[in-house]
Amino acid sequence: MRKDFGPQSWVFPMPVLIIGTYDENGKPDAMNAAWGAIYDTNQVTVSLAGHTTTDNIRKNKAFTIAFATVDTLVASDYVGIVPQKKVPNKIEKAGLTAVKSKNVNAPIFEQYPVTIECKLVSLDGEEGEGGTLVGQIVNVTADEKVLTDGKVDVTKLNAISYDPFTHKYLVVNQVVGNAFKDGLKIK
């Protein structure tokens, strides 16, 4: 027996992505977005509503994407529910420390161990509106504390995902198989 739910925005897992931007005065902003993925080779896409962050991306043609973790869960949720227009010091209140990316005009928040630095490829819609964001990946930077043998180790990263069914955050850090290998067992 199955239960129908009608059309829902239910894809799992949904990454918890922290989008970093600067405003026209160089002030850092961050927002939480879950509707993001790889778009093409060296490109990412994120579906965004109209936010200060969206306007900042249109102006600066750059942004960063950090992966939220267990350690950054509270700050990550906070920057997703509090708009910078209403709380101008939300970055400080969240306890985040912004440093300028060496590669794009956007902030890297030191508390997040893995950050993708992107240049804007496209963002449909007009100022004040949301849209589908596509960014060219310029660099990925990772804190050495989440590396094993020079590669990002998700068991150390402790990234969280958003569960759209129950509105919970879940940790993603258990290895259960080997991609491009385990399926070869079927002959």
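See the structure above.
The following refers to the structure shown.

## Thoughts on helix α2 (residues 73-81)
Right, on to step 1. Residues of α2 that are buried: Ala75, Ser76, Tyr78 and Val79. The buried residues of α2 occupy an angular sector of 160 degrees when the element is viewed end-on, so they sit on one face. Seen from the open side of α2, the exposed residues pointing more than 90 degrees away from its buried face are Val74 and Ile81.
Right, on to step 2. For α2, the elements touching its buried residues are β2 (17-22), β3 (28-33) and α3 (90-93).

## A few points about the sheet that holds strand β14 (residues 168-172)
The strands making up a sheet associate through hydrogen bonds between their backbones, and the pairing can be parallel or antiparallel.
Right, on to step 1. An order of β1-β13-β14 is seen for the three strands of this open sheet, with the pairing classed as antiparallel. Looking at which strands have only one partner, the edges of the open sheet turn out to be β1 (14-15) and β14.
Right, on to step 2. Pairing of β1 with strand β13 (residues 159-163), which is carried by two bridges, proceeds in the antiparallel orientation. Paired with Pro15 across the bridge in β13 is Ser161.

## Considerations on the nonpolar core
Right, on to step 1. By size, the foremost hydrophobic cluster in this structure holds 16 residues, and its most contacted members are Ile18, Val79, Leu96 and Tyr112.
Right, on to step 2. Looking at this core element by element, the count peaks at three residues for α2.
Right, on to step 3. Counting residues in hydrophobic clusters, the runner-up holds 15 residues, among them Met31, Ile57, Ile116 and Cys118.

## As for the pattern of salt bridges
Right, on to step 1. If you walk through the whole model with that rule in mind, you get four salt bridges.
Right, on to step 2. Glu24 serves as the salt-bridge partner of Lys59, at 3.4 Å between the closest nitrogen and oxygen. Residue Lys59 is found in helix α1 (residues 52-60), and its partner Glu24 is found in the loop between β2 and β3; the two are separated by 35 residues along the sequence.
Right, on to step 3. With a relative accessible area of 43%, Lys59 lands in the partly exposed category.
Right, on to step 4. Judged by relative accessible area, which is 56%, Glu24 ranks as exposed.
Right, on to step 5. For Arg58, the salt bridge is made with Asp55, and the minimal N-O distance between the two is 3.9 Å.

## Notes on the layout of surface pockets
Right, on to step 1. Put simply, the largest pocket is a space of about 420 Å³.
Right, on to step 2. Along the wall of the largest pocket there are 23 residues; nearest its centre are Met31, Asn32, Ala33, His51 and Gly80.
Right, on to step 3. Elements with a contribution of two residues or more to the lining of the largest pocket: β3, β5 (43-48), α1 and α2.
Right, on to step 4. Classifying every residue of the lining of the largest pocket by side-chain character gives twelve nonpolar, seven polar and four charged.
Right, on to step 5. Its volume calculated, the second largest pocket comes out at about 300 Å³.
Right, on to step 6. Considering the residues around the second largest pocket, the lining is formed by 13 residues, among which Pro15, Phe67, Val154, Ala159 and Val172 are closest to the centre.
Right, on to step 7. Only β1, α4 (154-157) and β13 provide two or more residues apiece to the lining of the second largest pocket.

## Looking at the environment of Leu123
Right, on to step 1. Inspection of the secondary structure puts Leu123 in strand β9 (residues 114-123).
Right, on to step 2. Each residue touching Leu123, except ones within four places of it in the same chain, is listed here: Thr54, Ile57, Arg58, Gly131, Thr132 and Leu133.

## Side note on the pairing of strand β10 (residues 131-142)
Right, on to step 1. As paired elements, β5 and β10 share six bridges and run antiparallel to each other. Within β10, the position partnered with Gln43 by the bridge is Gln136.
Right, on to step 2. Judged from the nine bridges that link them, β9 and β10 form a sheet pairing that is antiparallel. From the neighbouring strand, Ser122 faces β10, where its bridge partner is Val134.

What counts, and at which threshold
Residues numbered from 1 in each chain as written. Predicted model: local features only at pLDDT ≥ 70, side-chain atom pairs only at ≥ 80, totals over all residues. Heavy atoms only, no water. Buried < 20%, exposed > 50% of the residue type's maximum accessible area, 1.4 Å probe, protein only. Helix = DSSP H or I, 4+ residues; strand = E, 2+ residues; numbered from the N terminus. Arc of directions from axis to C-beta. Contact = heavy atoms within 4.5 Å. Pairing = 2+ DSSP bridges. Core = buried A, V, L, I, M, F, W, Y, C linked by side-chain atoms within 4.5 Å. Salt bridge = Lys/Arg side-chain N within 4 Å of Asp/Glu carboxyl O. 1 Å grid on protein atoms, 1.4 Å probe; cavity = no way out; pocket = protein on both sides within 12 Å on 5 of 7 lines; lining within 4 Å. Points joined across faces, edges and corners; volume = space filled by probe spheres on them. Nonpolar A, V, L, I, M, F, W, Y, C, P; charged D, E, K, R; others polar.

Honestly, that's just the spatial picture; any functional story needs more than this.
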